[in-house]
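What follows is each chain in one-letter form.
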Amino acid sequence: MMSTALSVTAAASDAVVPDCVTDDPSSLCAQVYRWFGLDWLAANAQALIATPLRILLIVVIAVLARAVINRGIRRLTERTATGQVPTILKPRRAKGVDHQQVVEQVAARRTQRAEAIGSVLRSFASIVVFFIAVVMVLGELGINLAPIVASAGVVGVALGFGAQNLIKDFIAGIGIILEDQYGVGDVVDLGEASGTVEAVGLRITRLRDVNGVVWYARNGEVLRVGNKSQGYAQVVIDMPVTHDTDLERCREVMQEVGDAVYAEQEWAEVILGEPESLGVESITPQAIVMRLQVRTTNADQWRVGRELRLRLQERFAAEGIRIPVTLAPTTAGPT
């Protein structure tokens, strides 16, 4: 019995005690050695226990930060989308259902715009959060980040020069959506192409013209936009008359035609203000141009314009107001 006890004591005294236990009794190495009594585990406690726990903590914090940021962005966009419509965008009169549809269209546009901007912000926030998390994890693994950061900078500069048009299109697309320059269903003039907008993306705007041709316009190349469907529309009708016309009577006739259309229930629903006969707009050697303007809803501006032109033509014929006829020049045939 005595010899057995002496051998056990000698084996215990021969065990290798890590230096960290004696150097710093309060260190993680010493704690692990006291808990488990394993010298190899205590010596590698930093790599086997501390580093994985720090990496796990970084990942958890990144996931929580992303969730909190996305929730804040989502609440902000929902508040923007469901908020009260600004007074300037409300119709001037509330005579019919179509005016309520104007308000609903404005609210729908705000909702679409808020969702698009929210999606962009959430994606950007996720990229930033996970990029920071990856950099911190690589630092915990002892990887030298200087070459990686330098390489990323070189790649970023190369992509910036090579894909500057793409970046320009994306930035312009964000501006178009954020500022609500136009949306799906709007009739717009983009310069080279005009028509009804079918889709608005961050890079491309797709629209269809009156002939059915689909046009794709890069957002970065859109220098100016004429939106014919935002807020309200102004129908301007210019009627040429001969120089011997009683201009005051002509102005009164145009005002009477506009008032008659406005008084009808069918048209009063889509006309937002009383028609105005402005009188003489211009005088040319061929004719005197008289102008009538009417404010209407966006969707009905062309229908109202066609109806007014039809009635003005009929009333001019009944009143004896003549419209000058310009004969096309003839070309002599072969002799």
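Predicted model, so just to flag it, every value in this text is computed and none were measured.

A.B. asks: Is there a simple way to think about the pairing of strand β7 (residues 276–283) in this case?
C.D. replies: For a regular strand, side-chain orientation follows a simple rule: the groups alternate between the two sheet faces. Note that β7 and strand β8 (residues 288–296) share 6 bridges and pair antiparallel. When the sheet's bridge partners are listed, V280 is paired in β8 with M290. Once β7 ends, the chain turns through 4 residues before running back antiparallel as β8.

A.B. asks: Whenever I open this one, the pattern of salt bridges confuses me. Can you help?
C.D. replies: Working definition: two side chains of opposite charge can pair if their charged atoms are close together. All told, the structure shown has 18 salt bridges when counted by the stated rule. Of the charged contacts in the structure, one is a salt bridge between R315 and E319, with a shortest N-O distance of 3.2 Å. A residue pair is termed a helical-turn pair when its members lie 3 or 4 positions apart in one helix, as R315 and E319 do in helix α11 (residues 301–319) at 4 residues. The partly exposed category is assigned to R315, whose relative accessible area is 24%. Looking at E319, the relative accessible area reads 33%, which means it is partly exposed. A single network of salt bridges, built from pairs that share partners, joins R249, E252, E256, R315 and E319.

A.B. asks: Looking at this structure, I do not really get the packing of helix α9 (residues 247–263) against α11. What am I missing?
C.D. replies: Between two packed helices, the angle of one axis relative to the other and the distance separating the axes together describe the packing. One can describe the packing of α9 onto α11 by two numbers: an axis separation of 10 Å at closest approach and a directional angle of 135 degrees. In this view, α9 runs oblique relative to α11, as classed from their interaxial angle. For the pair α9 and α11, the crossing hand works out as right-handed. For the pair formed by α9 and α11, the contact residues are R249, C250, V253, M254, E256, V257, G258 and V261 on the first element and L308, R311, L312, R315, F316 and E319 on the second. Of the residues belonging to the contact of α9 with α11, the class tally is 8 nonpolar, 1 polar and 5 charged.

A.B. asks: Just to check I follow, could you spell out helix α8 (residues 164–179) for this structure?
C.D. replies: For an α-helix, 3.6 residues make a turn, and residues three or four places apart therefore share a direction. In this model α8 runs 22 Å from its N-terminal to its C-terminal C-alpha over 16 residues, within 8% of the 22 Å that 1.5 Å per residue would give. Along α8, the positions that sit buried rather than exposed are D169, G173, G175, I176 and I177. Immediately beyond the C-terminal end of α8, within one or two residues, lies D180, with a positive phi of roughly 55 degrees.

A.B. asks: Honestly, a nonpolar patch on the surface in this entry has me stumped. Any pointers?
C.D. replies: On the surface, a cluster of nonpolar side chains totalling about 570 Å² of accessible area is made up of F124, V128, F131, I132, V135 and M136. Its place among the elements puts M136 in helix α6 (residues 97–140). Taking relative accessible area as the criterion, M136 reaches 44% and is therefore assigned partly exposed.

A.B. asks: How should the nonpolar core be read in this particular structure?
C.D. replies: In globular proteins that are soluble, nonpolar side chains generally tend to be buried together. V241, C250, M254, I271, L308, L312 and F316 are the most contacted members of the largest nonpolar core, which has 22 residues in total. Secondary-structure elements contributing two or more residues to this core are β6 (233–241), α9, β8 and α11. In terms of residue count, α9 provides more of this core than any other element does, 6 residues in total. Apart from residues no more than four positions distant in its own chain, F316 is found in contact with M239, V241, C250, V253, M254, I321 and I323. L190, V197, L207 and A217 belong to the second largest nonpolar core, which has 8 residues in total.

What counts, and where the lines are drawn
Residues numbered from 1 in each chain as written. Predicted model: local features only at pLDDT ≥ 70, side-chain atom pairs only at ≥ 80, totals over all residues. Heavy atoms only, no water. Pairing = 2+ DSSP bridges. Helix = DSSP H or I, 4+ residues; strand = E, 2+ residues; numbered from the N terminus. Salt bridge = Lys/Arg side-chain N within 4 Å of Asp/Glu carboxyl O. Buried < 20%, exposed > 50% of the residue type's maximum accessible area, 1.4 Å probe, protein only. Axes fitted to C-alpha atoms, helices over the stretch in contact; angles between N-to-C directions. Parallel < 35°, antiparallel > 145°, perpendicular 65-115°, else oblique. Left-handed = near helix turned anticlockwise from the far one by under 90°. Contact = heavy atoms within 4.5 Å. Nonpolar A, V, L, I, M, F, W, Y, C, P; charged D, E, K, R; others polar. Expected span 1.5 Å × (residues − 1). Patch = residues over 30% accessible without salt bridge, like charges linked within 9 Å, V, L, I, M, F, W, Y side chains within 5 Å. Areas by Shrake-Rupley, 256 points an atom, 1.4 Å probe, with all protein chains shown as cover. Core = buried A, V, L, I, M, F, W, Y, C linked by side-chain atoms within 4.5 Å.

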